[in-house]
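Here is what each chain is made of, one letter per residue.
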Amino acid sequence: MFDADAITTRYLAAWNAREPARRREAIAKAWVESGSYLDPLMEAEGHGGLDAIIAAAQAQLPGLVFSLAGTPDLHHDRLRFSWTLAPAGGVPVARGTDFAVVAEDGRLAAVTGFLDREGV
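Note that the structure is predicted; figures quoted are calculated from it, not measured.

1. Overview of the overall build of the protein
- A tally of helices and strands in the protein yields three helices and six strands.
- Sequence-ordered secondary structure for the protein, helices as α and strands as β, is α-α-β-β-α-β-β-β-β.
- Expected size for 120 residues packed as a compact globule is a radius of gyration near 14 Å; at 13 Å, the protein falls within 12% of this value.
- Per-residue burial for the protein yields a buried fraction of 39% across its 120 residues.

2. So, helix H2 (residues 20-30)
- Of the positions making up H2, those classed as buried are Arg23, Ala26, Ile27 and Ala30. Down the axis of H2, the buried side of the element spans an arc of 105 degrees, and every buried residue falls inside it.

3. Here's the deal with the packing of helix H1 (residues 4-16) against helix H3 (residues 46-60)
- With their axes 9 Å apart at the nearest point, H1 and H3 run at an angle of 60 degrees to one another. Compared by their axis directions, H1 and H3 come out oblique. Listed contacts from H3 to Ala14, Trp15 and Asn16 of H1 are Ile53, Ile54, Ala57 and Gln58.
- The class makeup of the residues in the contact of H1 with H3 is five nonpolar, two polar and no charged.

4. Side note on the packing of aromatic side chains
- In total, this model carries seven aromatic pairs according to the counting rule given.
- Taken together, the ring pairs in this structure connect Tyr11, Trp15, Trp31, Tyr37, Phe66, Phe81 and Trp83 into an aromatic cluster.

5. A closer look at the pairing of strand E3 (residues 64-75)
- With nine bridges connecting them, E3 and strand E4 (residues 78-87) associate as antiparallel partners. Counterpart to Phe66 in the pairing with E4 is Leu85.
- The antiparallel pairing of E3 with E4 creates a hairpin that spans two residues between the two strands, and His76 there sits at a positive phi of about 50 degrees.

6. Describing the pattern of salt bridges
- Counted under the stated rule, the structure contains six salt bridges.
- For Arg24, the salt bridge is made with Asp51, and the minimal N-O distance between the two is 3.8 Å. Of this pair, Arg24 sits in helix H2 while Asp51 sits in helix H3, placing them 27 residues apart in sequence.
- Residue Arg24 is classed as partly exposed on the basis of its relative accessible area, which comes to 44%.

7. What about the nonpolar core?
- Grouped together as the largest cluster of nonpolar side chains are 28 residues, with contacts concentrated most on Tyr11, Trp15, Trp31 and Tyr37.
- In terms of residue count, H1 provides more of this core than any other element does, six residues in total.
- Those residues in contact with Tyr11 that sit more than four places away from it in its chain are Ala30, Trp31, Tyr37, Phe81, Asp98, Leu108 and Val111.

8. Description of the environment of Ala17
- Counting through the fold element by element, Ala17 comes out in the loop between H1 and H2.
- Residue Ala17 is classed as buried on the basis of its relative accessible area, which comes to 1%.
- Each C-alpha atom of the pair Ala17 and Ile27 lies 9.2 Å from the other, and the pair is 10 residues apart in sequence.
- Apart from residues no more than four positions distant in its own chain, Ala17 is found in contact with Arg22, Arg23, Ala26 and Gln58.

Reading the values: rules and limits
Residues numbered from 1 in each chain as written. Predicted model: local features only at pLDDT ≥ 70, side-chain atom pairs only at ≥ 80, totals over all residues. Heavy atoms only, no water. Helix = DSSP H or I, 4+ residues; strand = E, 2+ residues; numbered from the N terminus. Rg over C-alpha atoms; globule rule 2.2 N^0.38 Å. Buried < 20%, exposed > 50% of the residue type's maximum accessible area, 1.4 Å probe, protein only. Arc of directions from axis to C-beta. Axes fitted to C-alpha atoms, helices over the stretch in contact; angles between N-to-C directions. Parallel < 35°, antiparallel > 145°, perpendicular 65-115°, else oblique. Contact = heavy atoms within 4.5 Å. Nonpolar A, V, L, I, M, F, W, Y, C, P; charged D, E, K, R; others polar. Phe/Tyr/Trp six-rings, centres within 6.5 Å; stacked < 30°, edge-to-face > 60°. Pairing = 2+ DSSP bridges. Salt bridge = Lys/Arg side-chain N within 4 Å of Asp/Glu carboxyl O. Core = buried A, V, L, I, M, F, W, Y, C linked by side-chain atoms within 4.5 Å.

Purely geometric stuff here, so don't read any function into it on its own.
Below you can see the structure in the form of structure tokens.
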């Protein structure tokens, strides 16, 4: 059985890790090597691709932090969770919902992200 809270915690840690070596380590903990990400604005495959899109997002969103919104929902190898993007302790500027496929080892195989609301 997978731990939805642990999976989403590792996922958000990767998006929030600003130091390159720490970010790459967080990506390796969150995704399998062939893991993928897709949302309306970007897509990536593999740890190198994931590192590149997360670094690019961080450059465009300085000072903003991703946080879990609500409780993740998991059945079988499918995970659904929502998040917010906000300045630390501030009002969210964006919200989204991600759907993921979890690999046998509990890391993410694929994530598809949806932007629920921008400029909240």
